[in-house]
Amino acid sequence: MSKTAGTPKVANLNDLLAIAYQIEIDAVDRYKLLADQMETHNNPELVKVFRDLARAEGIHGEEIRRMAGDFDVAAHARQIAKFEKSESPEEADLGSAHYMMTPWHALQLSLAGEKRALAYFTSIVETTKDPKVKKLAAELVEEEAEHVALVHRLLLRYPKPSENWADDLDPPVSQE
Amino acid sequence: MSAEVRAYKQADYKSDVKPIWCPGCGDYHVLMSFSRAFAQLGLPPEQIAVISGIGCSSRIPAYTNCYGFHGVHGRSLALAAGLKVTRPDLTVVVASGDGDGYSIGGNHFLHACRRNIDMTYVVMDNHIYGMTKGQPSPTTEPEFDTALSPGGTGVAPFHPLVVALASGANFIARCFSGEPNQTADVLAAAIKHPGFSFVEILSPCVTFRPDEKAWKDMVHQAPVTETSDQGKAARRLMTDDGFNIGILYRGNRTPFQPALGASDVDLSELEKEFEL
């Protein structure tokens, strides 16, 4: 199977801009959803982490929109940026969320998303025959690599929690 | 002059109500798959009715921007059938869980399959009663040993897909919540298919069944193509491991739709019967 199977087709520069934009917007929506979940479940520290991540991804999305100039990247993204076989690369895994999760866990989700985006843009660099697409994809690879490095730096502030991080003194109900 | 056809986005089907499911719950993905399927089909939100019973999964109507009815326990199919026969123009989608749908609503399930009214029944199966804190449901494994089921239930689980086929469902599929794109495609196919479509979605309960996180490594695409042959489908479903995902049966029975004549019932008389 090709490296880009099930991912949107990148025929030209506008397609790549639209897809890159959509990846950021999908990440924003996902982090907002996770922040809402944490708000509902009274985990304020994680609310802030997820809202900060959403804000950061939103800034990246705006940067891409600026790069596109007069071209309506959002409208084009709605038309073509559909990931058929998987979720959008930077969307954090909803199934890994937990009401007692810590910033370390949130950053692990973020790290995984940044790595998926890095792999996705790398696959574009490796497969495209369009030199303009290749150049922009290479820039996006560089950017995602910086994000991966940034998340690694952030993780230095949040050491891995102990094995019993999910122990709840007032659990939903005893199953033992 | 041609009428403008509006393209709908997933966000058009999302309400302002924030879900209160547990973080990690599979139902979040199912909600996304609903909106993705509706957008894929270009259905106007006001032409969709999402009907449910009781349970975590049955909260779903509130989280959509469609018409909805959060009914009583196990009775979602009865409500939906009434709605669909009187408003055949609506797209009716019914949301349920394994407790609501197979236990309390088990008998409605059989007869909804038999009647074959054109609607889509989605059961989010997590093999547990989550909302009421973890009692075994009809699909719970017999060895599920907890304080609420000491020593396990010892009872063989219900096989919803087999029951659906035997009872006459016209479309049968299984999905996994963690594959939201495929789930959306299957839901869209189920909605489009005439008659009673049954879609079981394996949707892990991370709070009372954390072991179900392993489902993402256990599900696999059904190794066979879909069939319209009931005999073939029966053999497949009877030997199914419970983790095959995809469309497993697509029948060709004519949907049931009673002819609606003019009613001679005086509504004001009817209303009087319900006066307090």
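Structure's up top.
Quick caveat, the model's predicted, so the values are computed rather than measured.

Undergrad: Which residues make up the overall build of chain A, and what values go with them?
TA: When helices and strands are counted, chain A shows five helices and zero strands. Scanning chain A from its N terminus toward the C terminus, one meets helices and strands in the order α-α-α-α-α. Counting only C-alpha atoms, chain A reaches 60 × 30 × 25 Å along its principal axes. Buried positions account for 37% of the 176 residues belonging to chain A.

Undergrad: So what about the overall build of chain B? Which residues, and what values?
TA: Scanning chain B for helices and strands turns up ten helices and eight strands. Against the globule reference of 19 Å for 276 residues, chain B gives a C-alpha radius of gyration of 19 Å, in line with a compact fold. Put simply, 69% of the contacts in chain B that link residues at least 6 apart link residues at least 24 apart.

Undergrad: Lay out the sheet that holds strand β7 (residues 220-221) of chain B in plain terms, naming residues and giving numbers.
TA: Residues and elements named next belong to chain B. The mixed open sheet is built from eight strands, whose spatial order is β2-β1-β3-β4-β6-β5-β8-β7. Either end of the sheet is taken by a strand with one partner, and the two such strands are β2 (67-70) and β7. Relative to strand β3 (residues 91-97), strand β1 (residues 48-52) runs parallel, the two being bridged by five bridges. Residue pairing across strands places Val 50 opposite Val 93, the latter belonging to β3. Across the face of the sheet, helix α6 (residues 160-167) comes into contact with β4 (119-125), β5 (171-176), β6 (196-202) and β8 (244-250) while running at roughly 165 degrees to β5.

Undergrad: Could you give me a rundown of the interface of chain A and chain B, with the residues and numbers involved?
TA: If you look at the interface, chain A gives 20 residues, while chain B gives 21 residues. Ranked by residue count, the leading element in the side of chain A that touches chain B is helix α1 (residues 13-40) of chain A, at four residues. Here the side of chain A that touches chain B is built from residues that sort into six nonpolar, eight polar and six charged.

Undergrad: How would you summarise helix α7 (residues 180-192) of chain B if you had to cite specific residues and measurements?
TA: Helical periodicity: at 3.6 residues per turn, an α-helix aligns residues three or four positions apart in one direction. All names here are of chain B. Taking 1.5 Å per residue as the helical rise, α7 with its 13 residues ought to reach 18 Å, and the 18 Å between its terminal C-alpha atoms agrees with that figure. Burial of α7 is extensive: ten of the 13 residues sit out of reach of the surface. Of all the residues in α7, the buried ones are Pro 180, Gln 182, Thr 183, Ala 184, Asp 185, Val 186, Leu 187, Ala 189, Ala 190 and Ile 191. Along its buried surface, α7 packs onto α1 (27-41), β3, β4, β5, β6 and β8.

Undergrad: How would you explain the packing of α1 of chain A against helix α2 (residues 44-67) of chain A if you had to name every residue and give the values?
TA: Residue and element names in this part refer to chain A. Between α1 and α2, the least distance of the axes is 8 Å, while the angle of their chain directions is 165 degrees. By the angle between their axes, α1 is roughly antiparallel relative to α2. Of the two elements, α1 crosses α2, and the hand of that crossing is left-handed.

Undergrad: Describe the environment of Glu 273 of chain B, with residues and values.
TA: Structurally, Glu 273 of chain B can be placed in helix α10 (residues 267-273). In this structure the C-alpha to C-alpha distance between Glu 273 of chain B and Pro 142 of chain B, which are 131 residues apart in sequence, comes to 47 Å.

Undergrad: Could you give an account of the nonpolar core, naming the residues involved and the relevant values?
TA: One finds Val 94 and Ile 172 of chain B to be the most contacted residues of the largest nonpolar core, which totals 110 residues. Looking at this core element by element, the count peaks at 15 residues for α1 of chain A. Filtering out sequence-adjacent residues up to four positions away, Ile 172 of chain B remains in contact with Leu 161, Ala 164, Leu 165, Phe 198, Leu 248 and Tyr 249 of chain B.

Undergrad: Break down the environment of Ala 37 of chain B for me, with residues and values.
TA: All names here are of chain B. Among the structural elements, Ala 37 can be located in helix α1. A count of 27 C-beta atoms within 10 Å places Ala 37 in the buried class. Here the alpha-carbon distance between Ala 37 and Tyr 8, two residues 29 residues apart in the chain, equals 11 Å. Not counting the four nearest positions on each side in its chain, Ala 37 is found in contact with Ala 184, Leu 187, Ala 188 and Ile 191.

Undergrad: So what's going on with the packing of α1 of chain B against α7 of chain B? Residues and values would help.
TA: What describes two packed helices is the angle between their axes and the distance between those same axes. Residues and elements named next belong to chain B. Put simply, α1 and α7 touch, their axes get as near as 8 Å, and they point 50 degrees apart. Considering the angle they form, α1 stands oblique to α7. Regarding α1 and α7, the two cross each other, and that crossing is right-handed. Only Pro 180, Thr 183, Ala 184, Leu 187, Ala 188, Ile 191 and Lys 192 of α7 make contact with α1, whose side of the interface consists of His 29, Val 30, Met 32, Ser 33, Phe 34, Arg 36, Ala 37, Gln 40 and Leu 41. A breakdown of the residues in the contact of α1 with α7 according to their chemical character gives ten nonpolar, four polar and two charged.

The rules behind the values
- As a convention, each chain's residues are numbered from 1 in the sequence order in which they are written.
- Whichever chain is written first becomes A and whichever ligand is written first becomes 1, with later ones labelled in order.
- Given that this is a predicted model, residues contribute local features only at a pLDDT of at least 70 and side-chain atom pairs are listed and counted only at 80 or more, while totals for whole chains, interfaces and linings are drawn from all residues.
- Every helix listed is a DSSP run of H or I at least four residues long, and every strand listed is a run of E at least two residues long, numbered separately from the N terminus.
- Here a residue counts as buried when 20 or more other C-beta atoms sit within 10 Å of its C-beta, as exposed when there are 12 or fewer, and as partly exposed otherwise, the C-beta atoms being derived from the backbone.
- Every radius of gyration here is taken over C-alpha atoms, with the globule rule written as 2.2 Å times N^0.38, N being the number of residues.
- Two residues form a contact once the distance between their C-beta atoms, set from the backbone, is within 7 Å.
- Here the rule is simple: two strands pair whenever DSSP picks up at least two bridges between them.
- Between N-to-C directions, angles span 0 to 180 degrees; the directions come from axes that are lines fitted to C-alpha atoms, helices contributing only their stretch in contact.
- In this classification, the charged set is Asp, Glu, Lys and Arg, the nonpolar set is Ala, Val, Leu, Ile, Met, Phe, Trp, Tyr, Cys and Pro, and all remaining amino acids, among them Gly, are polar.
- Given a helix with a known number of residues, its expected span is that number minus one, times 1.5 Å.
- To sort the angles, those under 35 degrees are grouped as roughly parallel, those over 145 as roughly antiparallel, those from 65 to 115 as roughly perpendicular, and the leftovers as oblique.
- The crossing is said to be left-handed when, going from far helix to near helix, the turn is anticlockwise and less than a right angle, and right-handed when the turn is clockwise.
- Residues enter a nonpolar core if they are buried, belong to Ala, Val, Leu, Ile, Met, Phe, Trp, Tyr or Cys, and are joined to the set through C-beta atoms within 7 Å.

Keep in mind these values describe shape, not function.
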